[in-house]
Amino acid sequence: MDEFPSYLCLTDLLDQDLSSYEYFQTLAPEIQTALRREDGGVGSLDELQARAEHLRTSGLLE
């Protein structure tokens, strides 16, 4: 059983989970934009952190 709830999308996660919202606000604007474009792919803080790290290290934002 999951310890933390999973949300439907990034918008829902940011609206309902303060830790996720605070983490999201620390990200570079281009990472925030990329994450918002794929709104449906992130439903937990762990997923948010993993996706942000992937964007940071993949070179997709350059």
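Let us look at the structure shown here. These numbers come from a predicted model, not from an experiment.

Right, let's talk about the overall build of the chain for a bit. Looking only at helices and strands, one finds four helices and zero strands in the chain. Reading the chain from its N end, one meets helices and strands in the order α-α-α-α. The C-alpha atoms of the chain give a radius of gyration of 11 Å, which matches the 11 Å a tight globule of 62 residues would have. Along the longest, intermediate and shortest principal axes, the C-alpha atoms of the chain span 35 × 20 × 15 Å. Looking at the chain as a whole, 31% of its 62 residues are labelled buried. For the chain, restricting intrachain contacts to residue pairs at least 6 apart in sequence, the fraction spanning at least 24 positions comes to 55%. Summed over all atoms, the accessible surface of the chain reaches about 4300 Å², with 49% contributed by carbon and sulfur. Positive and negative charge centroids in the chain, built from 4 and 13 side chains respectively, lie 9 Å apart.

Counting 14 residues, the largest nonpolar core has Leu10, Phe24, Leu27, Leu35 and Leu48 as its most contacted members. Of all the secondary structure elements, the ones that give two or more residues to this core are α1 (10-16), α2 (18-26), α3 (29-37) and α4 (45-58).

Attention shifts here to the environment of Leu10. For Leu10, the position within the fold is in helix α1. Residue class for Leu10 comes out buried when judged on its relative accessible area of 0%. The sequence separation of Leu10 and Ser44 amounts to 34 residues, and the corresponding C-alpha distance is 8.0 Å. The contact partners of Leu10, leaving out residues within four places of it in the chain, are Phe24, Leu35, Arg36, Asp39, Val42 and Leu48.

Looking only at α2, the buried set comprises Ser20, Tyr23 and Phe24. Buried residues in α2, looked at end-on, bunch into an arc of 100°, giving them a common side. Of the exposed residues in α2, the ones pointing more than 90 degrees away from its buried face are Leu18 and Thr26. Residues of α2 that are buried in the fold lie against α1, α3 and α4.

The rules we used
- Residues numbered from 1 in each chain as written.
- Predicted model: local features only at pLDDT ≥ 70, side-chain atom pairs only at ≥ 80, totals over all residues.
- Heavy atoms only, no water.
- Helix = DSSP H or I, 4+ residues; strand = E, 2+ residues; numbered from the N terminus.
- Rg over C-alpha atoms; globule rule 2.2 N^0.38 Å.
- Buried < 20%, exposed > 50% of the residue type's maximum accessible area, 1.4 Å probe, protein only.
- Contact = heavy atoms within 4.5 Å.
- Areas by Shrake-Rupley, 256 points an atom, 1.4 Å probe, with all protein chains shown as cover.
- Lys, Arg positive; Asp, Glu negative; His and termini not counted.
- Charge placed at Lys NZ, Arg CZ, Asp CG, Glu CD.
- Core = buried A, V, L, I, M, F, W, Y, C linked by side-chain atoms within 4.5 Å.
- Arc of directions from axis to C-beta.

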